[in-house]
Amino acid sequence: MGIREAREALKLYFGYDQFRPGQEDIITNVLEKRDTVVLMPTGGGKSVCYQVPGLVMPGLSVVVSPLIALMKDQVEALLGNGVNAGYLNSSQSAKEQQLIEQQCFDGRLKMLYVSPEKLLSSGFFSFLKRLQINLFAIDEAHCISAWGHDFRPEYLQLKNLKLQFPEVPIIALTATADRLTQRDILTQLYLQDPKVFISSFDRPNIYLQVQPGQKRMEAILDFLEERPFKPGIIYCLSRKATESLATKLKEKGYNADFYHAGLSARDRERVQERFLQDNVQIMCATIAFGMGIDKSNVRWVIHYNLPKNMESYYQEIGRAGRDGASAEALLFYSLADVMTLRDIITQGESTKEQNLSLAKLDRMQQYAESTSCRRKTLMHYFGEEYPTDCGNCDICDNPPTSFNGTEHAQKILSAVARTKETVASAQVVDILRGSRNQLTLSRGYDQLKTFGAGRDVPSQDWQRYIHQLINQGILEVAYDEHGALKLTNSSQDVLFKGRKVELVKFQQLSPKEEKEKKQKKTRSGVETALFEHLRQLRKQLANERNIPPYVVFTDSTLQEIAEQRPTNRPAFLAISGVAQAKYEQYGEIFINSILTFLAQQADQNQARLKGTTHLVTYELLRQGKTPEEISEQRQVQINTVYSHIATLYQQGYDVDLKPYLSDWEYSRVKEGILRTNQTAAMKPIFEYLEGEIDYLKIRLGIGRYNRENNIA
Ligand code: ADP
Ligand code: ZN
């Protein structure tokens, strides 16, 4: 077997037409029975790298996975795709385990998931020796590294696999890319002449965006309003913040909940489960959330607070869009957060650690203040080349331009000077904008000359200018004085010696551009409505089967279904992500649902869907209506209905022509077709038959002839 069989298996069992970059080389290597190491980001498609070769090679594949909670879902997903898979771990009864073992002996199982504990339990290797094993896959292989945060001592024993089964290839997979981990995987597993495949760690489907942290709540509400029903996570720094944010969102009518390490294990599990099942849309959580969960359709991640370093940031936004469909990451940035983080670092860590942590925090800030493509900054941080701008971040969307910002700088510096260098950036902005709030009034700042001197510039822009002045050394932040802004020598040059300052301005999109961009991003109304309709169906099917909704179909697949509206078998199977077995299980249910939806749309006369009007007729026929009734109900001519029926028949739909066109009538039409050599125009046939058969029947006869002769 080779890559061709692998490609067939990809289509048959996973419904995909092509391998993603990297997958094909990896699979070829495994099929050559060579040891393989795969470093690929989350959502990159690691599972396919061992599942596909495991399926095409004779025998059973053994997958070692430390996450027992995920095993069930993975196995369910495989079963749903028509792959005979099972798992063995400590959560099962002896009876359940025996059943699986028997399936192994019978050669019925293709893929067996085991926990490391189970694999290393006594007698298990001799059990395996009695089977034909074609591959060992070690998932989450970084757990073998004592350097990492997920170290699992049992993983060290996995070296016995190579010792006991020298002829079985091993594939080790992880989303952790650092060099030490990589070395540990190679050496600890005793891999033989392994080939290492390192994918780009870019997650191109995630839109990257940073906003100043003022008025976060309003910004979040705006954000949510534009993304109805889309599941997402809001990461907060403190437990209390997760609770109060969830409460506020609930008050606004959103379906939100919170999660943090202070909850009981049972509550945490319950909350996770509800999110997994799409029963909760918005999860307000500390970074403790997301470790053990594998929800592929998280559509957005918001950082309510600045993460402490780029590693955390990247890991957390990585929980969005694992299914490869477009997703978003929005980060709120404020100097107040920087201060809090600095406090946490300086109070909790030794001096040596502190320096490293503070340096990492600096890099995080640089990212947040970046004035060039964010993805570039991110990838460079992780040591990857990224030669062109990404086109999928806020900066690429809205590239900044530099301008002479001397006057702006002077206003800021003068406000700092007049408040005797005692106030933080947010208050400086309040002063410039002339906000009459408790602080500005109680301290008499409204009497300052600079009060309201910057009303013409939005607060967010003032914030950004302050950040830029700090970066240019024209201002300083005293983190040990509640973030008070301080003047520097350079400030004096700007204030008194005529030094010019260059600042960067983020262009406001014109309303027209804004609208165009929105249109580009949002789907048509009908499409959105159909997506929602199908999403509900997916949820219902998932609940009935006690599996997460994305195991039925992923968001990307559902999205494509909503766009393409497939209503027959070949069209449905052509959707990316629809495996053969998935079609058998769900295809008809979804097709029926699409047809019902389209019929309802037509009834409500909401939209004339191009190219689907005959499908509405189809739905009504299936409900047992006659052409006359359909013509009446839909307010269309009777010949239009017959023409729909002919089209439907011609396209292979299950409609019976007999009631409208007898065999004898058809034989007459057929003669007309053959004599006049026409398979589309009706008039010559009508004339040839000298009016013996009416136009409606000729239309039907042409449909039947075309189907019988495979004429599209
Ligand atoms: P990882 O384990 O690397 O996080 P997964 O194996 O879960 O990623 O794959 C992520 C998503 O990408 C899944 O929904 C999977 O079905 C999809 N996927 C994998 N390979 C392909 C492919 N060749 N074409 C389209 N989608 C794919
Ligand atoms: Zn970019």
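A closer look at the coordination of the zinc ion (ligand 2)
Step number 1: In the first shell of the zinc ion (ligand 2), the protein supplies Cys 373 (SG), Cys 390 (SG), Cys 393 (SG) and Cys 396 (SG), at 2.3 to 2.4 Å from the metal.
Step number 2: What the four donor atoms of the zinc ion (ligand 2) show is an angle range of 101 to 120 degrees at the metal, which sorts the shape as tetrahedral.
Step number 3: Read in sequence order, the donor residues coordinating the zinc ion (ligand 2) give the pattern C-x16-C-x2-C-x2-C. Of the two residues, Cys 390 and Cys 393, neither departs from the other in class, the shared state being buried.

A closer look at the sheet that holds strand S12 (residues 300-303)
Step number 1: The six strands are arranged S8-S13-S12-S9-S11-S10 in an open sheet whose pairing can be described as parallel. Looking at strand neighbours, the two that pair on one side only are strand S8 (206-212) and strand S10 (256-259), the edges of this open sheet. Strand after strand, the sheet turns through a mean of 15 degrees between neighbouring axes, direction not considered.
Step number 2: Bridging between S8 and strand S13 (residues 327-333) involves seven bridges; their strand directions are parallel. Across the sheet, Tyr 207 pairs through a bridge with Glu 328, a residue of S13.
Step number 3: Helix-sheet contacts for helix H12 (residues 239-251) involve strand S9 (232-235), S10 and strand S11 (282-285), and the interaxial angle to S10 is about 175 degrees.
Step number 4: In this fold helix H16 (residues 351-368) packs onto S8 and S13, with an angle of close to 110 degrees to the strand it touches most, S13.

Concerning the packing of helix H2 (residues 23-31) against helix H3 (residues 46-56)
Step number 1: Two elements in contact, H2 and H3, have axes whose closest approach is 9 Å; the angle formed by their N-to-C orientations is 40 degrees. Between H2 and H3, the crossing angle belongs to the class labelled oblique. Our pair here, H2 against H3, has a crossing hand that is right-handed. Here H2 contributes Gln 23, Ile 26, Ile 27, Val 30 and Leu 31 to the contact with H3, which in turn contributes Val 48, Cys 49, Val 52, Pro 53 and Val 56.
Step number 2: Here the contact of H2 with H3 is built from residues that sort into nine nonpolar, one polar and no charged.

Considerations on the side chain of Asn 81
Step number 1: Relative to the helices and strands, Asn 81 is located in the loop between helix H4 (68-80) and strand S3 (85-88).
Step number 2: Those residues within four positions of Asn 81 in sequence are excluded, and the remaining contacts are Tyr 13, Phe 14, Ala 579, Ala 581 and Lys 582.

So, the nonpolar core
Step number 1: The biggest cluster of nonpolar side chains holds 72 residues, and the ones touching the most others in it are Leu 208, Leu 306, Tyr 313, Tyr 367, Ile 412, Val 428 and Leu 475.
Step number 2: There are two domains that each give this core at least three residues, and those are domain 2 (206-337 + 366-397) and domain 3 (410-506).

A few points about the site of ligand 1
Step number 1: The local shell around ligand 1 holds 15 residues, among which Tyr 16, Gln 18, Gly 43, Lys 46 and Ser 47 are the closest.
Step number 2: For ligand 1, an oxygen atom lies 3.0 Å from a polar atom in the side chain of Arg 20.
Step number 3: Contact distances for ligand 1 include 3.1 Å between an oxygen atom and a backbone N or O atom of Gly 45.
Step number 4: Expressed as a share of its isolated accessible area of 570 Å², the protein-covered part of ligand 1 is 79%.
Step number 5: For the shell around ligand 1, the element with the highest residue contribution is H3, accounting for three residues.
Step number 6: Residues of the shell around ligand 1, tallied by class, amount to four nonpolar, eight polar and three charged.

Digging into the packing of aromatic side chains
Step number 1: Counted by the stated rule, this structure contains 20 aromatic pairs.
Step number 2: Measuring from ring centre to ring centre gives 5.3 Å for Phe 124 and Phe 127, while their planes differ by 45 degrees; the resulting arrangement is tilted. Highlighted residues: Phe 124 and Phe 127, both in helix H7 (residues 124-129), separated by three residues, approximately one helical turn. This pair shows no difference in class: Phe 124 is buried, exactly as Phe 127 is.
Step number 3: We note Arg 216 situated over the ring of Tyr 304; from NZ or CZ to the ring centre the distance is 5.2 Å.
Step number 4: Sitting over the ring of Phe 403, Lys 505 keeps its end group 4.7 Å from the ring centre.

Examining the sheet that holds S3
Step number 1: The strand order across the open sheet formed by seven strands is S3-S4-S2-S5-S6-S1-S7, and the pairing between neighbours is parallel. The open sheet is flanked by S3 and strand S7 (195-198), the only strands paired with a single partner. On average, each strand axis in the sheet is inclined to that of its neighbour by 20 degrees, with strand direction left out of account.
Step number 2: In this structure, strand S1 (residues 36-39) lies alongside strand S6 (residues 170-174), joined through four bridges in parallel fashion. Across the sheet, the residue bridging to Val 38 is Leu 173, located in S6.
Step number 3: The sheet strands contacting H4 are S3 and strand S4 (111-114), and the helix crosses S3 at an angle near 165 degrees.

Remarks on the pairing of S8
Step number 1: Counting buried positions along S8 yields seven of seven residues, so the element is predominantly enclosed.
Step number 2: The alternating pattern of S8 places Ile 206, Leu 208, Val 210 and Pro 212 on one face and Tyr 207, Gln 209 and Gln 211 on the opposite face, and all of these are buried.

Brief notes about the pattern of salt bridges
Step number 1: With the rule as written, the count across this model stands at 33 salt bridges.
Step number 2: In this structure, the salt-bridge partner of Asp 184 is Arg 183, at a minimum N-O distance of 3.6 Å.
Step number 3: We note a salt bridge from Glu 226 to Arg 227, for which the minimum N-O separation is 3.8 Å.
Step number 4: By relative accessible area, which is 45% here, Glu 226 ends up partly exposed.
Step number 5: Exposure remark for Arg 227: the relative accessible area of 12% places this residue in the buried category.

Quick notes on the side chain of Thr 406
Step number 1: With respect to the helices and strands, the residue Thr 406 is situated in helix H19 (residues 406-418).
Step number 2: What makes Thr 406 buried here is its relative accessible area of 11%.
Step number 3: The residues touching Thr 406, leaving out its near neighbours within four places in the chain, are Arg 499, Lys 500 and Val 501.

With respect to the packing of helix H30 (residues 613-622) against helix H31 (residues 627-634)
Step number 1: At their nearest, the axes of H30 and H31 sit 10 Å apart, and the two run at 125 degrees to each other. Classified by the angle their axes make, H30 and H31 are oblique. Where H30 crosses over H31, the handedness of that crossing is right-handed. Where H30 approaches H31, its residues Thr 613, Val 616, Thr 617, Leu 620 and Leu 621 are matched on the opposing element by Ile 630, Gln 633 and Arg 634.
Step number 2: Here the residues of the contact of H30 with H31 sort into four nonpolar, three polar and one charged.

Some remarks on the domain arrangement of the chain
Step number 1: Partitioning the chain into domains gives domain 1 (3-198), domain 2 (206-337 + 366-397), domain 3 (410-506) and domain 4 (526-708).
Step number 2: Using only C-alpha atoms to locate each centre, domain 1 and domain 4 end up separated by 44 Å.
Step number 3: Taken together, the contacts link 13 residues of domain 1 with 16 residues of domain 4.
Step number 4: With both chains or domains summed, domain 1 and domain 4 bury close to 970 Å², and 50% of this area falls on carbon and sulfur atoms.
Step number 5: On the domain 1 side of the contact with domain 4, Leu 12, Asp 73 and Gly 80 bury the most area, a combined 34% of that side's loss.
Step number 6: Connecting domain 1 to domain 4 are zero salt bridges.
Step number 7: The tally of links from domain 1 across to domain 4 stands at five residue pairs in polar contact (both at pLDDT 80 or more).
Step number 8: When residues of the side of domain 1 that touches domain 4 are traced back to their parent elements, those giving at least two are helix H1 (3-14) and H4.
Step number 9: At five residues, the largest contribution of residues to the side of domain 1 that touches domain 4 is made by H4.
Step number 10: Broken down by class, the residue content of the side of domain 1 that touches domain 4 amounts to five nonpolar, four polar and four charged.

Definitions and limits used
Residues numbered from 1 in each chain as written. Chains lettered and ligands numbered in written order. Predicted model: local features only at pLDDT ≥ 70, side-chain atom pairs only at ≥ 80, totals over all residues. Heavy atoms only, no water. Donors = N, O, S within 2.8 Å, 3.2 Å for Na, K, Ca; no water. Tetrahedral: all angles 85-135°; square planar, octahedral: opposite > 155°, others 65-115°. Buried < 20%, exposed > 50% of the residue type's maximum accessible area, 1.4 Å probe, protein only. Pairing = 2+ DSSP bridges. Helix = DSSP H or I, 4+ residues; strand = E, 2+ residues; numbered from the N terminus. Axes fitted to C-alpha atoms, helices over the stretch in contact; angles between N-to-C directions. Contact = heavy atoms within 4.5 Å. Parallel < 35°, antiparallel > 145°, perpendicular 65-115°, else oblique. Left-handed = near helix turned anticlockwise from the far one by under 90°. Nonpolar A, V, L, I, M, F, W, Y, C, P; charged D, E, K, R; others polar. Core = buried A, V, L, I, M, F, W, Y, C linked by side-chain atoms within 4.5 Å. Domains from an automatic or database assignment. Near = heavy atom within 4 Å. Polar contact = N/O pair within 3.5 Å; in protein donor to acceptor, adjacent residues only side chain to side chain. Areas by Shrake-Rupley, 256 points an atom, 1.4 Å probe, with all protein chains shown as cover. Phe/Tyr/Trp six-rings, centres within 6.5 Å; stacked < 30°, edge-to-face > 60°. Lys NZ or Arg CZ within 6 Å of the ring centre and 35° of its normal. Salt bridge = Lys/Arg side-chain N within 4 Å of Asp/Glu carboxyl O. Buried area = accessible area lost by both parts, 1.4 Å probe.

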